Each structure stands twice: as C-alpha cells, then as structure tokens.
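# Fold and contact review
Listed here are the chains, written in short residue letters.
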Amino acid sequence: MTTIYDVIVVGSGPAGACAAWRLAKAGVPVAVLEKAPLPRYKTCGGGIVGRAMQTLPVDVRHVVEQDCHTAQLNLLDAGLSFTTHRSTPIVSMTMRSRFDFDILSAAQFAGAAVHERCAVENVSCHGDFVTVVTNGGAMRSKFVVAADGALSMVARKMGLADGRVLIPALEYEVTIPPCRLDRLHGTARFDVGLLPDGYAWAFPKQQHLSIGVLSMAQRGNDLKQAMARYLDLLDCGSSTQIERHGFVIPIRPRRGPFVEKRILLVGDAAGFADPVTGEGISFAIRSGLLAAQALIDGQLDEDSVRNAYTGSVAETILPELQRGRFLARLLYHFPRTRSWAFPRHGQRLSEAVTDVMAGKRQYRDLTFKPRTLLRLLSSKWLRNSAYRPARPHDDRA
Ligand SMILES: Cc1cc2nc3c(=O)[nH]c(=O)nc-3n(C[C@H](O)[C@H](O)[C@H](O)COP(=O)(O)OP(=O)(O)OC[C@H]3O[C@@H](n4cnc5c(N)ncnc54)[C@H](O)[C@@H]3O)c2cc1C
C-alpha cells in the first residue's frame, strides 16, 4: 500500500533534518527517508562555524566536543602565519553522526516521521503528486525536498541540469596522545601551500584530531600524498589508529532551477557549499529552512512554492556564493596574487574570513580598496600569475 505525506524529505543531513523540523513545527505531515541506519557516519571535519550555529533552529550545544575561539591560518610556502581570536566560537567541533541525529531527533519530536534504511531508488512527478520508490515500497507526496547530498540521486532521476563543481576531499580521524592533542586545544588550524590549489585543516575533537585536505582543482590523485605530508607536519605520521575517509564537496551551485515541478533541491544536492572553505553546513541548514518556509508560505501550491524558494535562494544564498567564488579564485588559482596580497593584507584577510565564518559579516560586505582591487584584477597580473587547474572552471559570476 502506498504511504502518503504532504512532503517527503530525502536525506537526513543538516539540510533535510532542518527542512523536516520546520515543516513538522508548522504541522505539515512530513517524512524523512534516510538510506543509512541511524545515527550514520558522515565524512566531514565536523566543524560547525558560527554562521551555521546562528542559523540552526535547535540547540545542539551538548554534542559540541570543543569550541574553537581561535583560528590559525598558515601559509606554509610563504612562511607566514596569521591568528585570529573571537569571544564567541569561530568553529565548534562535533562528530557529524551526533550533530545530524540531534537535529533529526528534534524534527521527529516535532512530529516528522523518520524512515531509516530507506533508500530512495526513483522519483517521478505525476500532475499534483510525486511518487517516491524506495527499497521498502512506494510512497506518495505533494512535494519532495531533495536533501540527498552531493551525489543526489533525486536530481539525477529528475534529469536536472548540474553545472556544480565537485571537488575531492580527504578526512582522517587520527587518535593521538592527549598531550599532543592539547597543543591544538581551542584552535582550528588551516594550512595553505601543502598543495598548489587547496588547503589542509586540523580540527581538535574530544579524543582525536580530525585532519583533512581538499583540492579546488578537482584532482584527487595528489591528495593522499598531501595528507601523508600533513600527518608528518603535525607529528602524527606514526599514529597507529587512523580512520581514512574521502568524499566530494560541491563548491559551485547548480545551473538551476533549484525547483523542478514538485521537487526542491537543498544543501549539497543544490551545490551550496562555501567556495572559499568548502564549509557546507551553513547553507545546508539555510536552504533546508528556506525550502520548508516556501512550502509553508506557498500552501503547497506548485507555482507559489517555486517562486518563493527560487526568490529566497536568489536573494540570500547565491550572492554570497558568487562573492565567495571571487575570493576563492584569488586565493587558490593565482598563487602570485596570493604571495603579493598576504604579506601586505594577510591579517586583514584572515580577520575578514574569520568574521564570515563566525557569522559577523558576509562575503558581500568585504570591500577592497579600488587600488588594491585594480592591482588584483589587472589582466597582466592575473595572466602572469595564474595557476592553470586541471579542468578550468567556467565562472558564470
Ligand atoms: C572531507 C569533508 C570534510 C568536510 N568538512 C566540513 C566541515 O568541517 N564543516 C562544514 O560545514 N562542512 C564540511 N563539509 C561539507 C559538508 O559535509 C556538507 O556540505 C554537508 O554535509 C551537506 O549537508 P546535506 O544535508 O546537504 O547533505 P549530507 O549531509 O550529505 O546528507 C545527505 C543524506 O542523504 C542520504 N541519502 C543519500 N542518497 C539517498 C537516497 N537515495 N535515499 C535516502 N537517503 C539518501 C545520505 O545517507 C545522507 O545522510 C565537508 C565535506 C567533506 C567531503
């Protein structure tokens, strides 16, 4: 027999759980379908930046293993280091299994039905309803929120235009003695220069370090070597217990639309990760809430919902990603520009990005003096300093 809901949310990450929470709170019959057994592991640094914490509608303080009020940016190739401090946490360290499950539990408490080990295999729209085929049978809903992550099966089945840039990232959970863990206590560390077009990070958790590396150039091959070098740099090379994980991060949004018929795309499925840092939880939460709000305000009317969600994404998320992309290109694809800018403006740039992470400013508030901008944008300068990525990004900004 077909089970019927007003809204089916596919995926129980922060995007899906937040959408379900908002809908359930408004009394909308909603179900979350999650293919994994819950709580599920997610390959992720588990760093929840202040911007994400501020957007989060539920209290998750008890799953925070460590608050980092300090961020350290090291430019290894230039021998430069910049440290920023804030009175509120810049990044709060969590394990994603607990963080995501906490939000989902709040959604369930508010009235959402949760189906775990329920893999969606197909979706199809028929007039005013959607059929969702799962490994456990078919379900029906008026709308589907596709929160099924970077490899979104729902988007693929719907034949939605992509255009996202998916970059590879590795994340290792490394057990080290407490005395060495203490050295990073309260500090989120970021290292640029270990590989030409990306960065590495070290996040202290309660009993281990979460270490990662990502490449903006869409090449995965060099990452393992970069990670081996990073482990040595952090004096973790001899650690016996290392859990190795890898996945992709979408650092450029889909071409759109973000709503197709009765399907709304949110989070990584839409491609809403931050192009500068690869941080994806802030806009996963934001887009999940916006999608839910569009469904509520649009009273499940197809045109109203589409207009509301498309409008709110265009107003809030897309301009941020566009401005972030500009900064990311300067940071990662033009090493000579970076070498010129950081000795002069490194602390200011670090403070600015810290403010964005902490949720105190937005990328669109960051301004460059006209002279600096002219110098950065001078075509001769960029032409001479450009690092050519394996597959150049065709920037639509
Ligand atoms: C190595 C790495 C490190 C990262 N570190 C950070 C970090 O420190 N901070 C940060 O903010 N971001 C980080 N990110 C990015 C962040 O993990 C994502 O942007 C974020 O998880 C997106 O949330 P989401 O809800 O859209 O998708 P997800 O969290 O990926 O959730 C998608 C869910 O959908 C489920 N699903 C998928 N397909 C189906 C299906 N067919 N049927 C049912 N369920 C399905 C999955 O099992 C999953 O639970 C990192 C990413 C990587 C790869």
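Everything numeric in this text was worked out from a predicted model, so none of it was measured. (Residues numbered from 1 in each chain as written. Predicted model: local features only at pLDDT ≥ 70, side-chain atom pairs only at ≥ 80, totals over all residues.)

### What about the site of the ligand?
Surveying the vicinity of the ligand reveals 38 residues, the closest of which are Gly 11, Gly 13, Gly 45, Gly 267 and Gly 280. Here the shell around the ligand is composed, by residue class, of 17 nonpolar, 13 polar and eight charged. When residues are assigned to domains, the shell around the ligand turns out to be shared by domain 1 (3-61 + 94-164 + 254-321) and domain 2 (66-93 + 166-250), each giving three or more. (Near = placed C-beta within 6 Å. Nonpolar A, V, L, I, M, F, W, Y, C, P; charged D, E, K, R; others polar. Domains from an automatic or database assignment.)

### Topic: the confidence of the model for the chain
When pLDDT is averaged along the chain, the result is 91, and 91% of the positions lie at 70 or above. Contacts from residues 379-397, a stretch scored under 50 in pLDDT, to residues over four places away or in other chains number 31 contacts. (pLDDT = per-residue confidence, 0-100. Contact = placed C-beta atoms within 7 Å.)

### Describing helix H6 (residues 223-233)
Of all the residues in H6, the buried ones are Leu 223, Ala 226, Met 227, Tyr 230 and Leu 231. Down the axis of H6, the buried side of the element spans an arc of 140°, and every buried residue falls inside it. Exposed and facing more than 90 degrees away from the buried side of H6 are Gln 225, Ala 228 and Asp 232. Packed against the buried residues of H6 are strand E12 (165-174), strand E14 (198-204) and strand E15 (209-215). One or two steps after H6, the chain reaches Asp 235, where phi turns positive at roughly 65°. (Buried ≥ 20, exposed ≤ 12 C-beta atoms within 10 Å, placed from the backbone. Helix = DSSP H or I, 4+ residues; strand = E, 2+ residues; numbered from the N terminus. Arc of directions from axis to C-beta.)

### Re the nonpolar core
Ranked by size, the top nonpolar core spans 120 residues in total, and within it Ala 19, Ala 20, Val 144, Val 145, Ala 146, Leu 264 and Val 266 carry the most contacts. Here this core takes 10 residues from helix H8 (residues 281-297), the largest share from any one element. Every residue in contact with Leu 264, bar those within four places of it in the chain, is listed here: Phe 143, Val 145, Ala 146, Phe 258, Val 259, Ala 291 and Tyr 309. (Core = buried A, V, L, I, M, F, W, Y, C linked by C-beta atoms within 7 Å.)

### Things to note about the sheet that holds E15
Judged by pairing direction, the sheet is mixed, and its seven strands sit side by side in the order E6-E5-E13-E14-E15-E12-E16 without closing on themselves. Only two strands of the sheet have a single partner each, and these edge strands are strand E6 (80-85) and strand E16 (242-252). Taken pair by pair, the neighbouring strands of this sheet meet at an average axis angle of 20°, ignoring direction. Of the strands in this sheet, strand E5 (70-75) and E6 touch helix H10 (residues 335-358), which is tilted by about 30° from E6. (Pairing = 2+ DSSP bridges. Axes fitted to C-alpha atoms, helices over the stretch in contact; angles between N-to-C directions.)

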